[in-house]
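# Examining the three-dimensional arrangement
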Amino acid sequence: MMLSKKVKDIMTTDVVTTTSDIDVVNAFEKLMEYKISSLPVLEDGKLIGIITATDVGHNLILDKYELGTSVDEIMITSVVTVSPDDTIETAIKAMKESTSSSGILNQLPVVDGEKLVGIISDGDIIQEIF
């Protein structure tokens, strides 16, 4: 069954990331440029947070950020992650159970120990199953 395959078999390994000191506007431009829905925030290779295009875009439109607002002021620090050896089924459950303010999580960072090794999206899973 597809659901018993491992996260590492279908995850994306070249993850676009940011650091926490970058300006929110620059981070949003990165999200748009790469057409991705979330951006893991790293410090020395360790995952310390995540920002989503939905949250950032929403707040930019509402003009909630002053110029110079940095990623660390708005990032989500309790990041839901999976490990490379978790099954796809585990990843789906984690996405379902961890609804954020912007709805169901559609991307999960994949962490091995404290190191970010990939990201898995609902799109990756759908392509695998269907």
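Just so it is clear, the structure is predicted and the values come from calculations on it, not from any experiment.

What counts, and at which threshold
- Residues numbered from 1 in each chain as written.
- Predicted model: local features only at pLDDT ≥ 70, side-chain atom pairs only at ≥ 80, totals over all residues.
- Heavy atoms only, no water.
- 1 Å grid on protein atoms, 1.4 Å probe; cavity = no way out; pocket = protein on both sides within 12 Å on 5 of 7 lines; lining within 4 Å.
- Points joined across faces, edges and corners; volume = space filled by probe spheres on them.
- Helix = DSSP H or I, 4+ residues; strand = E, 2+ residues; numbered from the N terminus.
- Nonpolar A, V, L, I, M, F, W, Y, C, P; charged D, E, K, R; others polar.
- Buried < 20%, exposed > 50% of the residue type's maximum accessible area, 1.4 Å probe, protein only.
- Pairing = 2+ DSSP bridges.
- Core = buried A, V, L, I, M, F, W, Y, C linked by side-chain atoms within 4.5 Å.
- Contact = heavy atoms within 4.5 Å.

Here we take up the layout of surface pockets. Rolling a probe over the atoms, with the probe sized like a water molecule, indicates the empty space that remains. The volume enclosed by the second largest pocket comes to roughly 150 Å³. Every element with two or more residues in the lining of the second largest pocket is listed here: helix H5 (88-97) and helix H6 (122-129). With four residues, H6 is the single largest residue contributor to the lining of the second largest pocket. When its residues are assigned to classes, the lining of the second largest pocket shows seven nonpolar, one polar and two charged.

Extensive coverage of strand E3 (residues 107-112) is indicated by the burial of five of its six residues. Pairing geometry for E3 and strand E4 (residues 115-121), over six bridges, is antiparallel. Note that in E4 the partner of Gln107 across the bridge is Ser121. Where E3 folds back onto E4 in an antiparallel hairpin, the turn is made up of two residues, including Gly113, whose phi is positive at roughly 70 degrees.

With that settled, the discussion passes to the nonpolar core. Core analysis: the biggest nonpolar cluster contains 14 residues, and Val7, Val82, Ala91, Leu108, Val110, Ile120 and Ile125 have the highest contact counts within it. Elements with a contribution of two residues or more to this core: helix H1 (7-10), H5 and E3. A per-element tally of this core places H5 first, with four residues. Not counting residues up to four positions away in its chain, the partners in contact with Leu108 are Val80, Val82, Ala91, Ala94, Met95, Gly118, Ile119 and Ile120. Formed by 13 residues, the second largest nonpolar core is a distinct cluster that contains Ala27, Phe28, Val56 and Tyr65.

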